[in-house]
Structure formats: structure tokens, C-alpha cells
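The lines below spell out each chain.
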Amino acid sequence: MRYLMTTGQNSRQADEALFAEMGAFIEEMTAAGILIATGGLEPGGVKVTSVGDEITVTDGPFVEAKEEILGFALVEVSSHEEALEVSRRFRRIVGDGDSVLHRVMGP
């Protein structure tokens with residue numbers, strides 16, 4: 001099962017200790033074959049909307065800064081519970097904030 005976890009702002013300030021903890025976590029998840037991809041997202045983004053034959057492109061941002069998605073991780077796990085545990089471990093590292101977990105449908 002694949003899951004996409006997105007995250008916004010976190011309470012923990014980025015410093016060498018955070019980078020070291022995240023690096024170790026990413027290395028562990030990669031070695032275990034769980035982590036497929038991870039990355040940060042540039043602020044703002046672009047929204048592409050279609051209505052019939054008309055396509056509209058609108059530059060962001062679209063939400064308040066505190067609600068913006070800043071990063072993601074794509075993981076492959078054996079169960080929903082395992083995906084939740086990976087998310088819990090991530091939240092313990094980065095501090096207070098929100099992450100959203102979605103099951104990725106398909107092969």
C-alpha cells in the first residue's frame with residue numbers, strides 16, 4: 001500500500017539537530033524499503049482549472065501561510081497502521097503541526 005503524507009509548518013526550528021534526526025529517519029526508512037520519495041514544495045504553486053474547453057492558470061498562494069503544504073513523503077507500507085506509525089515518528093521529530101495522510105490508489 002502506498003501513502004502520501006503532506007505537511008505544513010512545524011513548531012520545531014530548523015537547525016543542525018533537526019537535520020541530523022531527519023537524515024537518520026530518512027536513511028532508516030529508505031534502507032527498510034518504505035520511503036519512495038520525499039521533498040519540500042516551493043511556496044505558492046499554480047492552480048490549473050478546467051471548465052469545459054477552457055483552461056485557466058492562476059498563480060498562488062491560495063491559502064493562509066499556516067495552512068500551506070510545504071513538504072511530502074511517499075511511502076510503501078503493508079498496512080494503514082504502519083503508515084500511521086511512520087507519520088507519528090515524523091511528527092515526533094518535527095514538533096507541533098499537522099500532517100495529512102492519503103492512501104494512493106492504484107498499482
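Computed from a predicted model, the values in this text were never measured in an experiment. (Residues numbered from 1 in each chain as written. Predicted model: local features only at pLDDT ≥ 70, side-chain atom pairs only at ≥ 80, totals over all residues. Heavy atoms only, no water.)

**Digging into the overall build of the chain**
Okay, so step 1: Helix and strand content of the chain: 2 helices and 6 strands.
Okay, so step 2: When its helices and strands are written in sequence order, the chain yields β-α-β-β-β-β-α-β.
Okay, so step 3: Dimensions of the chain along its principal axes, counting C-alpha atoms only, are 45 × 35 × 20 Å.
Okay, so step 4: When the 107 residues of the chain are sorted by exposure, 23% land in the buried category.
Okay, so step 5: Counting contacts in the chain only where the partners sit at least 6 residues apart, residues at least 24 apart contribute 76% of the total.
Okay, so step 6: Carbon and sulfur atoms provide 55% of the accessible area of the chain, an area that totals close to 7,400 Å². (Helix = DSSP H or I, 4+ residues; strand = E, 2+ residues; numbered from the N terminus. Buried < 20%, exposed > 50% of the residue type's maximum accessible area, 1.4 Å probe, protein only. Contact = heavy atoms within 4.5 Å. Areas by Shrake-Rupley, 256 points an atom, 1.4 Å probe, with all protein chains shown as cover.)

**Digging into the side chain of Ser-87**
Okay, so step 1: Along the chain, Ser-87 turns up in helix α2 (residues 80–94).
Okay, so step 2: By relative accessible area, Ser-87 is classed as buried at 11%.
Okay, so step 3: Ignoring anything within four residues of it in the chain, the contact list for Ser-87 reads Met-5 and Leu-101.

**Points about the environment of Leu-35**
Okay, so step 1: As for its placement among the helices and strands, Leu-35 is situated in strand β2 (residues 35–40).
Okay, so step 2: Taking the C-alpha atoms as reference points, Leu-35 and Ala-73, separated by 38 residues in sequence, lie 7.3 Å from one another.
Okay, so step 3: When sequence neighbours within four positions are dropped, the list of residues in contact with Leu-35 reads Ile-26, Met-29, Thr-30, Ala-73, Leu-74 and Val-75.

**Quick notes on the sheet that holds β2**
Okay, so step 1: If you trace the 4 strands from one edge of the open sheet to the other, you get β2-β5-β1-β6, paired in antiparallel fashion. Single-partner strands in this sheet number two, and they are β2 and β6 (97–104). The average angle at which neighbouring strand axes cross in this sheet is 15°, direction not considered.
Okay, so step 2: Across the sheet, α2 is in contact with β1 (2–10), β5 (71–76) and β6; its angle to β1 comes to roughly 20°. (Pairing = 2+ DSSP bridges. Axes fitted to C-alpha atoms, helices over the stretch in contact; angles between N-to-C directions.)

**Digging into α2**
Okay, so step 1: When the terminal C-alpha atoms of α2 are compared, their 21 Å separation across 15 residues agrees well with the 21 Å that a helix rising 1.5 Å per residue should span.
Okay, so step 2: For α2, every residue scored as buried is listed here: Ala-83, Val-86, Ser-87, Phe-90, Arg-91, Ile-93 and Val-94. Here the buried residues of α2 occupy an arc of 160° about the axis, which is enough to place them on one side. For α2, the exposed residues lying more than 90 degrees away from the buried face are Glu-81 and Arg-92. (Expected span 1.5 Å × (residues − 1). Arc of directions from axis to C-beta.)

**What about the environment of Gly-39?**
Okay, so step 1: Mapped onto the elements of the fold, Gly-39 is located in strand β2.
Okay, so step 2: Remark: the alpha-carbon pair of Gly-39 and Leu-84, spanning 45 residues in sequence, is separated by 19 Å.
Okay, so step 3: Apart from the residues within four sequence positions on either side, Gly-39 is in contact with Leu-70, Gly-71 and Phe-72.

**Looking at the pairing of β5**
Okay, so step 1: Note: β1 against β5, 6 bridges, orientation antiparallel. Looking at β5, one finds that Arg-2 is bridged to Glu-76.
Okay, so step 2: Across 5 bridges, β2 lies against β5 in antiparallel orientation. Looking at β5, one finds that Ala-37 is bridged to Leu-74.

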